[in-house]
Amino acid sequence: MTEHPAEGIVGGPDVVPMRRPAQCWRLDCGRQSFVLTAVNDRLPQVVYWGPRLGDGADLSTLHVAHAIDVTGGMLDENPDLSLCPEATRTFPGQPGLILRDTDGTPLLPKFCFDSADTSDGLRLHYTDTANQLKLTFAFAIDPRTHVITAQTTLDADRPVHLHWLAAPVVPAPQQSDEMIDVAGRWIGEFQLNRTPWSAGMRYRENRTGRTGHEHFPGLIVPCTGATNTQGEAYAFHYGWSGGHRMIAEELPDGRRQIQWGHAARMETDTSRRFETAKLYMTYSGGGLNGILSAHEIDYIKWDHNRVLPMPDAAQTRGSYALIDRLRTAFPQIEIESCASGGGRIDFGIMERTQRVWLSDSNDALERLRIQHDGALFLPAAVTGSHVGPRHCHTSGRVLDIAFRAWVAAQRHMGFEMDPRELTDHEAQVLTRVTQWWKDNRHWMRHADILRLDSADPAVIAEQQLSRDGDRFVVFSGKARSSDQIAPRPLRLTRLDPDATYRVSLTNADDIPGLSRGMPALKDGPIDVSGTWLMHHGLVLPWSFPERMWVLEGEKL
């Protein structure tokens, strides 16, 4: 993190002057740079967030170059889209703070620069002397996971009423046609919604008192043309378990802002201090897969089944405090978070637990899709997935044991059945798949889950790539019958194009009799280049629907 002073004004006598910033700050990791600038003593704004800038980049020039034009029907100067947009500075969109005094009088703060601390990440302090308020923004960046954390804190010299406090507000990219947020229901979690950008606001709020199946606190903004494996994308997650609010707004001038915070009016009591949860953000230049991060994993199951009649921040903080005390007293214990399935999955609870129960659905076909979309935010090591019974109680389906077992082996594997129902054949299959998972979990727990762009919409496929890139496993699940007769080639991703990989079909014993041809993988391992795997793709044997092919690759 670096800080750069700057000053001066650029402009002629007949134009609105472009103000050079008084302060500039940047946070960097190997993937991205995040640049903040501020004019005079105003709140800072994000003027660049994207691929890593050179060390010598002139941040002052970036600030000036970031400014948009002024024309008819506008104010003479565009209000800043700051880290906490202020209504008192004529900001035309949703403000970042809505506050009332002790007696209920609305307050319109105007914050001015106080100090900055760059000793550990970045902390920026601002003061409103007229209203005796202080606003603090805290940022940190993890060089390994490439995740930026951001948090806002408000302090007052007397108890005040809070209606809304946003975590640090950032602009959304202009080179984007849509946003992706996450909805769902019980046994149908992690359903991706794609909403086009348009003038106005995309508003989502969860007032159930827990994270909920319906409103996962995550957002992905893909740039135009981005897929799972290529293009640019920006990702956000609000790490709070008690109900959140998200605003994605396009202003009349075309700028876009993203706001996150607790659900409105969640703070029922007056207080001298309020703080948001941590907002987790990252930039990817490698498609939607680039937002993933790994969690180190070393049993209490903490369930929150009841939806609350209203959101209450105190209840969530109390749950956190109780779990924290348990972890302090019993540091070796593992805690799994559950809320009638995936109703409380967020980074706030995951700071305190080792595993989350993704869904109450133990239908392998449903889990195939839920796990695939949940992987945008969750690594395999913390995602519980169980082999269910032959007859699934949540869907009524009867599914083959091999399919059930391999779907569970994609994540943190377990069993959820009466083993006495297993036939000898089913017991042998389950034993074989379980042993395979045990043999590979040591590296898979740290692997990146890369969602693959399948040319066949019937196929849901992913590639788990080891941290050093020397090995991978591909799970190719067939969710329904394909429209064409033969399988389409499956392209892999993020391999060394010049390297040779030995690829084998792990579950070749599952090839059905109706697969009568001779794709090379049926005859044993093949040695092919990374370029071939990423541009031609693997040719797989034919299979029935509701089946899974598992392929392992090793860099030679």
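Residues numbered from 1 in each chain as written. Predicted model: local features only at pLDDT ≥ 70, side-chain atom pairs only at ≥ 80, totals over all residues. Heavy atoms only, no water.

### Quick word on the overall build of the chain
For step 1, the next point in the chain: Across its full length, the chain carries 7 helices and 33 strands.
For step 2, the next point in the chain: Its C-alpha radius of gyration of 26 Å places the chain within 12% of the 24 Å reference for a compact globule of 556 residues.
For step 3, the next point in the chain: Taking the principal axes of the C-alpha coordinates as reference, the chain spans close to 80 × 50 × 40 Å.
For step 4, the next point in the chain: In the chain, buried positions account for 55% of the 556 residues.
For step 5, the next point in the chain: Summed over its atoms, the accessible surface of the chain is roughly 23,400 Å², and 50% of this surface lies on carbon and sulfur atoms.
For step 6, the next point in the chain: The distance from the centre of the 58 positive side-chain charges to the centre of the 70 negative ones in the chain is 4 Å. (Helix = DSSP H or I, 4+ residues; strand = E, 2+ residues; numbered from the N terminus. Rg over C-alpha atoms; globule rule 2.2 N^0.38 Å. Buried < 20%, exposed > 50% of the residue type's maximum accessible area, 1.4 Å probe, protein only. Areas by Shrake-Rupley, 256 points an atom, 1.4 Å probe, with all protein chains shown as cover. Lys, Arg positive; Asp, Glu negative; His and termini not counted. Charge placed at Lys NZ, Arg CZ, Asp CG, Glu CD.)

### Quick look at the sheet that holds strand S20 (residues 256-262)
For step 1, the next point in the chain: Strands sit in the order S13-S20-S19-S16 across an open sheet of 4 strands; the sheet is antiparallel. The open sheet terminates on both sides in strands that have one partner only, identified here as strand S13 (170-171) and strand S16 (200-205).
For step 2, the next point in the chain: With 6 bridges joining them, S16 and strand S19 (residues 244-250) adopt antiparallel strand pairing. Bridging across to S19, Gly-200 finds its partner in Glu-250. (Pairing = 2+ DSSP bridges.)

### A few points about the sheet that holds strand S29 (residues 459-465)
For step 1, the next point in the chain: Spatial strand order, S28-S29-S30-S33-S31-S32: 6 strands in an open sheet with antiparallel pairing. With partners counted over all chains shown, the strands left at the sheet margins are strand S28 (448-451) and strand S32 (526-529), one partner each. Neighbour to neighbour, the strand axes of the sheet diverge by 25° on average, direction disregarded.
For step 2, the next point in the chain: Note: S28 against S29, 4 bridges, orientation antiparallel. Bridging across to S29, Leu-450 finds its partner in Gln-463.
For step 3, the next point in the chain: The sheet strands contacting helix H4 (residues 364-374) are S28, S29, strand S30 (471-478) and strand S33 (547-555), and the helix crosses S29 at an angle near 50°. (Axes fitted to C-alpha atoms, helices over the stretch in contact; angles between N-to-C directions. Contact = heavy atoms within 4.5 Å.)

### Let's talk about the pairing of strand S10 (residues 122-128)
For step 1, the next point in the chain: In terms of burial, S10 is largely enclosed, as 5 of its 7 residues are buried.
For step 2, the next point in the chain: The pairing of strand S9 (residues 112-117) with S10 spans 5 bridges and is antiparallel. Residue pairing for S10: Ser-115 is matched across the bridge by His-125.
For step 3, the next point in the chain: Linking two consecutive strands that pair antiparallel, namely S9 and S10, is a turn of 4 residues; a positive phi of about 75° is found at Gly-121 within it.
For step 4, the next point in the chain: Pairing analysis gives 7 bridges linking S10 to strand S11 (residues 133-141), with the strands arranged antiparallel. What sits directly across from Asp-128, in S11, is Leu-133.

### Considerations on the packing of aromatic side chains
Here a ring pair, both rings aromatic, is described through the centre-centre distance and the interplanar angle of the planes.
For step 1, the next point in the chain: Scanning the model with the defined rule gives 17 aromatic pairs in all.
For step 2, the next point in the chain: Taken together, a centroid distance of 5.6 Å and an interplanar angle of 70° make the contact between Phe-113 and Tyr-126 edge-to-face. Residue Phe-113 is found in strand S9, and its partner Tyr-126 is found in strand S10; the two are separated by 13 residues along the sequence.
For step 3, the next point in the chain: Overall, Phe-113 belongs to the partly exposed group, its relative accessible area being 27%.
For step 4, the next point in the chain: Of the residues examined, Tyr-126 reaches a relative accessible area of 1% and is grouped as buried.
For step 5, the next point in the chain: Aromatic ring contacts, followed pair by pair, group Phe-34, Trp-49, Phe-139, Tyr-234, Phe-236 and Tyr-283 into a single cluster.
For step 6, the next point in the chain: The ring of Trp-357 has Arg-367 sitting right over it, with the charged end atom 4.9 Å from the ring centre. (Phe/Tyr/Trp six-rings, centres within 6.5 Å; stacked < 30°, edge-to-face > 60°. Lys NZ or Arg CZ within 6 Å of the ring centre and 35° of its normal.)

### Re the pattern of salt bridges
For step 1, the next point in the chain: Under the defined criterion, the tally for this structure stands at 32 salt bridges.
For step 2, the next point in the chain: Glu-178 serves as the salt-bridge partner of Arg-194, at 2.6 Å between the closest nitrogen and oxygen. Of this pair, Arg-194 sits in strand S15 (residues 188-196) while Glu-178 sits in strand S14 (residues 178-185), placing them 16 residues apart in sequence.
For step 3, the next point in the chain: A residue is classified by how much of its surface remains accessible, and Glu-178, at 23% relative accessible area, is partly exposed.
For step 4, the next point in the chain: Across the pair Arg-420 and Asp-418 runs a salt bridge, and its minimum N-O distance is 2.8 Å.
For step 5, the next point in the chain: Among the charged side chains, a network of salt bridges with common partners joins Lys-278, Asp-324, Glu-351 and Arg-352. (Salt bridge = Lys/Arg side-chain N within 4 Å of Asp/Glu carboxyl O.)

### Brief notes about the packing of H4 against helix H5 (residues 401-409)
The axes of two packed helices give the description: the angle between them and the distance between them.
For step 1, the next point in the chain: Taken N-terminus to C-terminus, the directions of H4 and H5 make an angle of 25°; their axes are 9 Å apart at the nearest point. When the axes of H4 and H5 are compared, the pair comes out roughly parallel. Considering only the axes of H4 and H5, their crossing is left-handed. Contacts between H4 and H5 pair Ala-364, Leu-365, Arg-367, Leu-368 and Gln-371 from the former with Phe-403, Arg-404 and Val-407 from the latter. (Parallel < 35°, antiparallel > 145°, perpendicular 65-115°, else oblique. Left-handed = near helix turned anticlockwise from the far one by under 90°.)

### A look at the confidence of the model for the chain
For step 1, the next point in the chain: In this model, the chain carries a mean pLDDT of 90, and residues with pLDDT of at least 70 account for 93%.
For step 2, the next point in the chain: A low-confidence stretch, residues 6-13 stays under pLDDT 50, and its non-local contacts, those more than four residues away or across chains, total 14 contacts.
For step 3, the next point in the chain: Every residue in residues 292-298 scores below 50 in pLDDT, and together they form 27 contacts with partners more than four places removed in sequence or on other chains. (pLDDT = per-residue confidence, 0-100.)

### What to know about unusual backbone geometry
Keep in mind that most residues, glycine aside, have a negative phi and that most peptide bonds are trans.
For step 1, the next point in the chain: A positive phi is found at Asn-40, a non-glycine position, where the angle reads about 50°.
For step 2, the next point in the chain: Asn-40 gets classed as partly exposed once you look at its relative accessible area, which sits at 43%.
For step 3, the next point in the chain: Backbone geometry places His-146, a non-glycine residue, at a positive phi of 65°.
For step 4, the next point in the chain: Inspection of the secondary structure assignment puts His-146 in the loop between S11 and strand S12 (148-165).

### Section: empty space enclosed by the protein
For step 1, the next point in the chain: Taken as a whole, the largest cavity encloses approximately 190 Å³ of empty space.
For step 2, the next point in the chain: If you trace the largest cavity, you find 18 residues lining it, with Asp-456, Val-459, Ser-476, Pro-487 and Leu-540 closest to the centre.
For step 3, the next point in the chain: Among the elements of the structure, S30 and S33 are those that each provide at least two residues to the lining of the largest cavity.
For step 4, the next point in the chain: Per-class residue counts for the lining of the largest cavity are 9 nonpolar, 5 polar and 4 charged. (1 Å grid on protein atoms, 1.4 Å probe; cavity = no way out; pocket = protein on both sides within 12 Å on 5 of 7 lines; lining within 4 Å. Points joined across faces, edges and corners; volume = space filled by probe spheres on them. Nonpolar A, V, L, I, M, F, W, Y, C, P; charged D, E, K, R; others polar.)

### A look at the nonpolar core
For step 1, the next point in the chain: Counting residues in each nonpolar core, the largest one holds 77 residues, and the members touching the most others are Phe-34, Trp-49, Leu-154 and Phe-236.
For step 2, the next point in the chain: It is S12 that contributes the most residues to this core, 7 residues altogether.
For step 3, the next point in the chain: Residues within four places of Trp-49 in sequence aside, it is in contact with Gln-32, Ser-33, Phe-34, Ile-148, Val-170, Tyr-234, Phe-236, Met-281, Thr-282 and Tyr-283.
For step 4, the next point in the chain: In this structure, Ile-401, Met-413, Met-417 and Leu-422 belong to the second largest nonpolar core, which totals 29 residues. (Core = buried A, V, L, I, M, F, W, Y, C linked by side-chain atoms within 4.5 Å.)

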